[in-house]
Amino acid sequence: MSVTEAAERSFYAKVLEATPTGERLRLCLECGNCSGICPFGYLMAYPPSRMIAMLRAGRFDKLLETDTIWMCVSCFACTAGCPSKVPLTFGLMTSIKEELLLAGNVPAELHTALQNSQRYGNPLGESPRKRSDWINGIQPEVKILAKAKQPVDLLWFVGDYASYHPRVQSATKAFARILNALGVDFGILGPEENSDGDSQRLAGERGLFEMLAEKNGKVFSKYRFNKIITTDPHAYNAIKNEYPRLGISYPVQHYSEYLAERIDQLKSLMKHEVKAKVTYHDPCYLGRANEIFDQPRDLLTAIPGVELVEMAHHHTNSLCCGGGGGGMWLDGFQWEKAHVRLSDWRVREALSVGADVLAVACPYEAPRFEDAAKTMPGADQLKVRDIAELLAEAMGI
């Protein structure tokens, strides 16, 4: 057996073992659905179906010679559209990215984000000591568990962009004020929190993901709480579906799930109308990957004055913002290849239904859509708001 054949067999075995349903790779019909539904499939030298064909033909070495696989944003569309239920996103695409990383075939901006994640515990390269700076000025004061030294009902896993990004901090503060208005007993980890690691994992860095997860798991075990809540669908996906495989298992909810269960209480607190035609963007890792579609819409329709309209692509068929699977750290690379951003397409859809507000429920999305709106003719009046921001506005907080 040649070195190439051995590497190919090793890779094929890795894909089969990557997920509990990895064996379904053998059932691929090569129908091409996955390649057709992939937002950047038309630019890839080897989109998913062709990748499987190359593996079956013994041409694994060719896959490592192209960099267009980095156009994959792990949006889960290929997996959702596969009639054979092959775990393409978590199995095939993540595994080939891992091979590209090992081969040194990785864009520089992604490499920097991965290095930052290892060194600082977040891809932005920010100091862990600044992770809770956003809480300044919020009353009642947000508890940092290491200082509070008392049990809480909810542990809020805030996440990287929600903690550090200036635009996203607005939604983070809004959610904190909502929890305070509801009288919820909650706390955060602050400087002890590390990146959830899910996007790093989907960019091929499984080892880094496990390191970050284990660090978070050790911190979780230090404190007493009943449930984890997060505003980040990527953290939600990691803690719900991936952490348990490492022996780290806790009940977890996305904030839209948690608030939807308290919608009657929220309605009693919303005294102001938000007169707007709102359209909602389904985050890939809240919607397609975890089938949470109704709760965010229930929250939006509960807001006085809101008229909810759907874009052409919604629910399982939603378009991706372009930030997942390392996409947040590949904007320059992807622009050079495509000369378009996925966020541009989404903003155009929001405009096509006459929306005043594009509502989001993921920290990756507000800055991406706002940047797209700035450069798109006719989009200057479109506002991008997190659901938490809209609720806080209606509550007057």
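Cut-offs applied
- Residues numbered from 1 in each chain as written.
- Predicted model: local features only at pLDDT ≥ 70, side-chain atom pairs only at ≥ 80, totals over all residues.
- Heavy atoms only, no water.
- Pairing = 2+ DSSP bridges.
- Helix = DSSP H or I, 4+ residues; strand = E, 2+ residues; numbered from the N terminus.
- Disulfide = S-S within 2.5 Å.
- Axes fitted to C-alpha atoms, helices over the stretch in contact; angles between N-to-C directions.
- Parallel < 35°, antiparallel > 145°, perpendicular 65-115°, else oblique.
- Left-handed = near helix turned anticlockwise from the far one by under 90°.
- Contact = heavy atoms within 4.5 Å.
- Nonpolar A, V, L, I, M, F, W, Y, C, P; charged D, E, K, R; others polar.

Visitor: Could you give me a rundown of the sheet that holds strand S4 (residues 225-230), with the residues and numbers involved?
Guide: Read from one edge of the open sheet, five strands run S1-S3-S2-S4-S5, paired in parallel fashion. If you trace the sheet from one side to the other, it starts and ends with strand S1 (143-144) and strand S5 (252-254), each paired once. When S4 meets S5, the two strands line up parallel, connected through three bridges. Residue pairing for S5: Ile229 is matched across the bridge by Gln253.

Visitor: I'd like a description of the state of the cysteines, backed by residues and values.
Guide: Scanning all chains against the criterion turns up zero disulfides. Here Cys38 is not cross-linked by a disulfide; its sulfur's nearest cysteine counterpart is in Cys75, at 6.2 Å. Here Cys72 is not disulfide-linked; the sulfur of Cys38 is the nearest cysteine sulfur, at 6.4 Å.

Visitor: Give a detailed account of the packing of helix H7 (residues 108-120) against helix H12 (residues 206-220), specifying residues and quantitative values.
Guide: Orientation of H7 relative to H12, taken along the N-to-C sense of each, is 30 degrees, at an axis distance of 10 Å. Between H7 and H12, the interaxial angle falls into the category roughly parallel. Here H7 and H12 pass one another in a crossing that is left-handed. Taking contact as the criterion, the partners of Leu114, Ser117 and Gln118 in H7 are, on H12, Leu208, Met211 and Leu212. Split into classes, the residues belonging to the contact of H7 with H12 amount to four nonpolar, two polar and no charged.

Visitor: Can you tell me about the sheet that holds strand S7 (residues 306-309), naming the residues and giving the values?
Guide: Paired through their backbone hydrogen bonds, the strands of a sheet run either parallel or antiparallel. Across the sheet, which stays open at both edges, the four strands sit in the order S7-S6-S8-S9 with parallel pairing between neighbours. Two strands lie at the open edges of the sheet, namely S7 and strand S9 (383-386), each paired on one side alone. Ignoring strand direction, the axes of neighbouring strands in this sheet form an average angle of 35 degrees. In terms of strand pairing, strand S6 (residues 276-280) meets S7 through four bridges, oriented parallel. Bridged to Thr279 within S7 is Val309.

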